[in-house]
Amino acid sequence: MSFRLSSRSRAHLDGVHPDLVAVVERAIGLSPVDFMVTEGRRTAARQAELVRQGASRTLNSRHLTGHAVDLAAWVDGAVRWDWPLYPRIAGAMKAAAAERGVDLIWGGDWARLKDGPHFELDRRAYP
């Protein structure tokens, strides 16, 4: 099954680095799990609020520069956060990134504080 990005997801890609946008656009067609873009580029005020809420641990997020996106699994008309869905989405994101030669990091691969919805461009290739 091939999925498509909604207009809302596309709007959340405004201000995101074009290479990451291209990866997301390709991944939605590869993914076995439908997903939506919940956040792309953030303002400093939004990031500070997320830190205050405990939803983020840094004021130096890659979202601030448009180098990160958060995705949410969309199953049967609802957002789902169950972990097994996110490695499947990550597989599509990684495949799309490899096709395009984009260095991508998935928050689910982090040793501490795994963040399944989070994808960012590698700082070494995208400072």
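The rules behind each value
- Residues numbered from 1 in each chain as written.
- Predicted model: local features only at pLDDT ≥ 70, side-chain atom pairs only at ≥ 80, totals over all residues.
- Heavy atoms only, no water.
- 1 Å grid on protein atoms, 1.4 Å probe; cavity = no way out; pocket = protein on both sides within 12 Å on 5 of 7 lines; lining within 4 Å.
- Points joined across faces, edges and corners; volume = space filled by probe spheres on them.
- Helix = DSSP H or I, 4+ residues; strand = E, 2+ residues; numbered from the N terminus.
- Nonpolar A, V, L, I, M, F, W, Y, C, P; charged D, E, K, R; others polar.
- Axes fitted to C-alpha atoms, helices over the stretch in contact; angles between N-to-C directions.
- Parallel < 35°, antiparallel > 145°, perpendicular 65-115°, else oblique.
- Left-handed = near helix turned anticlockwise from the far one by under 90°.
- Contact = heavy atoms within 4.5 Å.
- Buried < 20%, exposed > 50% of the residue type's maximum accessible area, 1.4 Å probe, protein only.

Draft legend 1. Layout of the layout of surface pockets. Approximately 590 Å³ is the volume attributed to the largest pocket. Lining the largest pocket are 28 residues, and of these Ala55, Ser56, Trp110, Asp115 and His118 sit closest to its centre. Broken down by element, the lining of the largest pocket gets its largest block of residues, four residues, from helix α3 (residues 44–53). Of the residues assigned to the lining of the largest pocket, the class counts are seven nonpolar, 10 polar and 11 charged.

Draft legend 2. Geometry of the packing of helix α2 (residues 18–30) against helix α4 (residues 85–100). Across the interface, α2 lies against α4 with an axial gap of 8 Å and an inter-helix angle of 125 degrees. Taken together, the axes of α2 and α4 are oblique relative to one another. Pair α2 / α4 crosses with right-handed handedness. Counting all contacts with α2, which are made through Leu20, Ala22, Val23, Val24, Arg26, Ala27 and Leu30, the residues of α4 involved are Ala92, Met93, Ala95, Ala96, Ala97, Glu99 and Arg100. Its residues assigned to classes, the contact of α2 with α4 shows 11 nonpolar, no polar and three charged.

Draft legend 3. Just unusual backbone geometry, in detail. For Asp76, which is not glycine, the phi torsion reads 50 degrees and is therefore positive. In this fold, Asp76 is placed in the loop between β2 (68–75) and β3 (78–80). At Leu113, a residue that is not glycine, the phi angle is positive and equals roughly 50 degrees. Structurally, Leu113 can be placed in the loop between β4 (104–106) and β5 (118–121). For Leu113, a relative accessible area of 49% translates into the label partly exposed.

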